[in-house]
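# A structural walkthrough
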Amino acid sequence: MAKPRISFEYFPPKTGAGRDKLLNETTPALNELNPAFFSVTYGAGGTTRDTTLGIVSAIGETGIDVAPHLSFGGDDEDTVAALLETYRERGIKRLVALRGDMPSGMGAAMQLVHANELVAFIRERSGDHFEIEVAAYPEIHPESKSYDSDVQFLKRKLDAGANSAITQYFFNVEAYFYYLDQCAAVGIDKPVYAGIMPITNYQNLARFSRNCGAEIPRWICQRMESYGDDLDSVRKFGLEVVTQLCQTLIDSGAPGIHFYTMNQVEPTREIYNSLGLS
């Protein structure tokens, strides 16, 4: 069995100290695990555009493969085209293309550009220079009209020129494999990599999951809530649950795992080592 593709995701730190830690401590430590690439998120409406560019450039300068997330946000075509050219000049060869979210307070003042349109725009301006990843939703995007329409929208993104997809994080492995079956049924034959979120802070995870439509199974919630303020037990149980999820994915033929690291080393490294991927 081929080794699954492993990749790690960051968000841009808000402070200089956070940036230094990410670049000088977190990235060297996680890079020892030999991931295919790192990715760096892009704030709602492109609000972290310059910070994302700075982090991506700094990581790329060390020779590590890194993929910036990209959306139109509130930018026009010329601004996005210039950003694409900057990334190309700096040796970046991979992108994660997203519709993105509207920043609070913008209301109807900003027109979001769908990811399939962004993918087509990137291909028009940059040809085949970039390997393009897009987002997939095994438990379906909260704004989607239906399960089938969501699967079809992934197909449009891939047909527009994306190379593969990365899923939103999930804890129901059945949802992921059912989703792959439905993708295959409509002719999708490109890889859909599993997005995985290590559990480190249950309350934060529960709140975020409610907002983005990711389901935490009731048995996990019950177990987590029973630990109360016992953070060590929460950490150990979270590690056990997510490691088993990843093992099942690998054993069942998932093409790879994309870890939402939350800019932390240990949770992801512990899971990685427990899986024997070293």
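Here, the structure is the one placed above.
Residues numbered from 1 in each chain as written. Predicted model: local features only at pLDDT ≥ 70, side-chain atom pairs only at ≥ 80, totals over all residues. Heavy atoms only, no water.

## Digging into the overall build of the protein chain
The helix and strand inventory of the protein chain stands at 10 helices and 8 strands. With respect to the three principal axes, the spread of C-alpha positions in the protein chain is 50 × 45 × 45 Å. Relative to its 278 residues, the protein chain shows a buried fraction of 52%. Across the protein chain, the fraction of contacts at a sequence separation of at least 24, relative to all contacts at a separation of at least 6, is 79%. Here the protein chain displays about 13,200 Å² of accessible surface, and carbon together with sulfur accounts for 47% of that area. Of the charged side chains in the protein chain, 25 are positive and 36 negative; the average position of the first set lies 1 Å away from that of the second. (Helix = DSSP H or I, 4+ residues; strand = E, 2+ residues; numbered from the N terminus. Buried < 20%, exposed > 50% of the residue type's maximum accessible area, 1.4 Å probe, protein only. Contact = heavy atoms within 4.5 Å. Areas by Shrake-Rupley, 256 points an atom, 1.4 Å probe, with all protein chains shown as cover. Lys, Arg positive; Asp, Glu negative; His and termini not counted. Charge placed at Lys NZ, Arg CZ, Asp CG, Glu CD.)

## Points about the sheet that holds strand 4 (residues 94-97)
Read once around its circumference, the closed barrel built from 8 strands follows the order 1-2-3-4-5-6-7-8, with strand pairing classed as parallel. Each strand axis lies, on average, 30° off the axis of its neighbour in the sheet, ignoring direction. Across 4 bridges, the pairing between strand 5 (residues 131-136) and strand 6 (residues 164-167) is parallel. Bridge assignment links E133 to a residue of strand 6, and that residue is S164. Strands strand 1 (5-10) and strand 2 (37-40) of the sheet are contacted by helix 1 (residues 16-31), whose axis makes an angle of about 165° with strand 1. (Pairing = 2+ DSSP bridges. Axes fitted to C-alpha atoms, helices over the stretch in contact; angles between N-to-C directions.)

## What about the pairing of strand 4?
Neither face of strand 4 is open: one carries R94 and V96, the other L95 and A97, and all of them are buried. With respect to chirality, the unit in which strand 3 (residues 66-70) leads through helix 3 (residues 77-89) into the neighbouring parallel strand 4 is right-handed. With 3 bridges connecting them, strand 4 and strand 5 associate as parallel partners. Each residue of the ladder has a partner; that of R94, found in strand 5, is E131. (Right-handed = clockwise from strand over helix to strand, strands pointing away.)

## What to know about the layout of surface pockets
The space that makes up the second largest pocket amounts to roughly 190 Å³. Around the second largest pocket, the lining residues are F11, P13, K14, G18, K21, L22, T26, N263 and Q264. Here the lining of the second largest pocket is composed, by residue class, of 3 nonpolar, 4 polar and 2 charged. (1 Å grid on protein atoms, 1.4 Å probe; cavity = no way out; pocket = protein on both sides within 12 Å on 5 of 7 lines; lining within 4 Å. Points joined across faces, edges and corners; volume = space filled by probe spheres on them. Nonpolar A, V, L, I, M, F, W, Y, C, P; charged D, E, K, R; others polar.)

## A word on the pattern of salt bridges
A full pass over the atoms with the stated rule returns 11 salt bridges. Residues joined in a network through salt bridges with shared partners are R5, D65, R94 and E133. (Salt bridge = Lys/Arg side-chain N within 4 Å of Asp/Glu carboxyl O.)

## Some details on the nonpolar core
Core analysis: the largest hydrophobic core is formed by 88 residues, its most contacted members being L70, I122, V134, L154, F171, I196 and L249. L249 has contacts with F170, V173, Y176, F177, A194, I196 and A254, leaving out every residue within four places of it along the chain. (Core = buried A, V, L, I, M, F, W, Y, C linked by side-chain atoms within 4.5 Å.)

## Quick notes on helix 5 (residues 147-159)
Given a rise of 1.5 Å per residue, 13 residues ought to cover 18 Å, and the 19 Å separating the end C-alpha atoms of helix 5 matches this to within 8%. Listed as buried for helix 5 are D150, V151, F153, L154, K157 and L158. Along the axis of helix 5, the buried residues cluster in a sector spanning 155°; they form a single face. Opposite the buried face of helix 5, by more than 90 degrees, sit the exposed residues D148 and D159. Here the buried face of helix 5 lies against helix 4 (115-126), strand 5, strand 6, helix 6 (173-185) and strand 7 (192-196). (Expected span 1.5 Å × (residues − 1). Arc of directions from axis to C-beta.)

## Concerning the packing of helix 5 against helix 6
At their nearest, the axes of helix 5 and helix 6 sit 10 Å apart, and the two run at 65° to each other. Relative to helix 6, the element helix 5 lies roughly perpendicular. The chirality of how helix 5 crosses helix 6 is right-handed. Contact with helix 5, carried on its side by Y147, V151 and L154, involves Y178, Y179, Q182 and C183 of helix 6 and no other residues of that element. Its residues placed into classes, the contact of helix 5 with helix 6 shows 6 nonpolar, 1 polar and no charged. (Parallel < 35°, antiparallel > 145°, perpendicular 65-115°, else oblique. Left-handed = near helix turned anticlockwise from the far one by under 90°.)

## Details of unusual backbone geometry
With glycine set apart, most residues show a phi of negative sign, and most peptide bonds adopt trans. Positioned with a positive phi, I140 is a non-glycine residue whose angle comes to about 75°. Tracing the backbone shows I140 in the loop between strand 5 and helix 5. The exposure class of I140 is buried, given its relative accessible area of 13%. At N263, a residue that is not glycine, the phi angle is positive and equals roughly 60°.

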